[in-house]
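Each chain, letter by letter, is given below.
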Amino acid sequence: MSSASVPVPSTSPADSDLVRAARGLPVTRTPVWFMRQAGRSLPEYRSLRAGTVMLEACQDPDMVTEITLQPVRRHGVDAAILFSDIVLPLVVAGLDIEIKPGIGPVIANPVRSVADVDALPPLEPEALGFLETAVRQLVAELGATPLIGFAGAPFTLATYLIEGGPSKEHARTKAFMYSEPEAWGRLMDKLAVSAAVFLRAQIDAGAVVVQLFDSWAGVLSAADYAERVLPHSRAVFDGLGERDVPRIHFGVGTGELLPLIGDAGADVVGVDWRIPLDEAARRVGPQRSLQGNLDPAVLLADRATVDREVRRIVEQGKAARGHIFNLGHGVLPDTDPTVLTHVTELVHELTTR
């Protein structure tokens, strides 16, 4: 790469290394952020959250702002991601959902019938004032650092609604998908509209990148994903209209689905730790960037192992059109925060142009 093609550090989040990598443009260094960086492993987060219910914290603009900023201050990461939860749009719409510590979202009245699908309330944009306030506050504080907005993808939200909570097999979800195809389509349509409303609110308030989490899509075959899920994920991205922000699409265990996840409308395909980035680049193709993919458990290992794995991923990431360094899933709660800071510094050191 000639020196003339290397950009100078940007003062605009829309021209940051994160956005440039997402678009496959030259960067000053490989951008780094970590899924679930806002919370969990940080003592300052646990102190702030003490006595506050998760879903209430997500609707407090001042708390959302502070929690979102904490990892940016501590680690020097190249992006903030909004502190929120994928079930929040459902809660704001009026569903009775509780996030139980150590378990996850628990649905009081699971969707088990066609009538349950038709009774689901829509998410009204007017109910998202707290979200817009939080994003505006964050954008003002972050300056040149980009803010990533996010939402849960229709399939993953459907699994929680149908199972009533987290599941390993997702058997009820698949049974409903197969046995009630019309109701399944209506459910996924509703969830796609909700996700698009949630993302539009974040973009219009100042988020410059969005990520769609389809955490559990990896439980599906490629054929089922292509027929019964992909069109609805695409509808989320299509629902953003002309908003010109990079779109990241991520799922766990999706090695066989990577090309399809890209086809849903992503500029960046998130990759978990099960597949090397150079192989992921081959599967996804040259028209999309990659994000990932350090195994979160590696952060619990010795420093030499961490460094070796970071160097491997940085090297393999060169095969992609653009590379955003991240984990292959979220930060584990017992991760030493100093290791995240070290990884950020190491990636920057290895890749500064």
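Structure: see above.
Counting restarts for each chain: residues are numbered from 1 in the order of the written sequence. The model is predicted, so local features are restricted to residues of pLDDT at least 70 and side-chain atom pairs to those at 80 or more, both for listing and for counting; the totals for chains, interfaces and linings are taken over all residues. Hydrogen atoms and water are omitted, and side-chain values are computed over all heavy atoms in the structure.

Trainee: Looking at this structure, how should I read helix 7 (residues 129–142)?
Mentor: Structurally, the α-helix is built with 3.6 residues per turn, so residues lying three or four positions apart point the same way. Under the 1.5 Å per step criterion, the end-to-end length of helix 7 is 20 Å for 14 residues, consistent within 8% with the ideal 20 Å. Of the positions making up helix 7, those classed as buried are Phe130, Leu131, Ala134, Val135, Leu138 and Leu142. Buried residues of helix 7, seen end-on, are gathered within an arc of 130° and therefore sit on one face of the element. Residues are treated as being in contact if the distance between any of their heavy atoms lies within 4.5 Å. Per the convention used, a helix needs a DSSP run of H or I reaching at least four residues, while a strand needs a run of E reaching at least two, with both numbered from the N terminus. Those residues of helix 7 that are buried are in contact with helix 4 (61–75), strand 1 (80–81), helix 5 (88–93), strand 4 (147–152) and helix 10 (181–205). Gly143 lies just past helix 7 and shows a positive phi near 65°. Here, expected helix span is obtained from the residue count minus one, scaled by 1.5 Å. In this scheme, a residue with accessible area under 20% of its type's maximum is buried, one over 50% is exposed, and one in between is partly exposed, where area comes from a 1.4 Å probe on protein chains only. When we speak of the arc, we mean the arc of directions from the helix axis to the C-beta atoms.

Trainee: Teacher, can you tell me more about the environment of Ile97 here?
Mentor: With respect to the secondary-structure elements, Ile97 resides in strand 2 (residues 97–100). Residues Ile97 and Leu161, 64 residues apart in the sequence, show an inter-C-alpha distance of 9.4 Å. Sequence-distant contacts of Ile97, defined by excluding residues within four places in its chain, comprise Leu55, Val87, Leu90, Val91, Pro105, Val106 and Ile107.

Trainee: I tried to follow the packing of helix 7 against helix 10 on my own but got confused; where do I start?
Mentor: When two helices pack together, their arrangement is given by the angle between their axes and by how far apart the axes lie. Where helices are involved, their axes are fitted lines through C-alpha atoms of the stretch in contact, as for all axes, and angles between N-to-C directions lie from 0 to 180°. For the pair helix 7 and helix 10, the least separation of the axes is 8 Å and the interaxial angle reads 35°. Seen from above, helix 7 lies across helix 10 with right-handed handedness. The segment helix 7 lies against helix 10, with Leu131, Glu132, Val135, Arg136 and Val139 engaging Phe198, Ala201, Gln202 and Ala205. Each helix crossing is assigned a hand: it is left-handed if the near helix lies turned anticlockwise from the far helix by less than a right angle, otherwise right-handed if that turn is clockwise.

Trainee: Just to check I follow, could you spell out helix 14 (residues 277–284) for this structure?
Mentor: Considered for burial, the residues of helix 14 that qualify are Leu277, Ala280, Ala281 and Val284. Down the axis of helix 14, the smallest arc covering the buried residues is 105°, so these residues share one side. Residue Gly285 follows helix 14 closely and has a positive phi angle near 100°.

Trainee: How should the sheet that holds strand 8 (residues 289–294) be read in this particular structure?
Mentor: Backbone hydrogen bonds hold the strands of a sheet together, and the pairing may be parallel or antiparallel. Pairing between two strands requires that DSSP report at least two bridges joining them. If you trace the seven strands from one edge of the open sheet to the other, you get 1-4-5-6-7-8-9, paired in parallel fashion. Both edges of this open sheet fall to strand 1 and strand 9 (323–327), since each of them pairs with a single strand only. Sheet analysis places strand 4 next to strand 5 (residues 209–213), joined by five bridges and oriented parallel. By the bridge assignment, Phe150 is partnered in strand 5 with Gln211. The sheet contacts of helix 12 (residues 230–238) involve strand 5 and strand 6 (247–250), and relative to strand 6 the element is tilted by about 155°.

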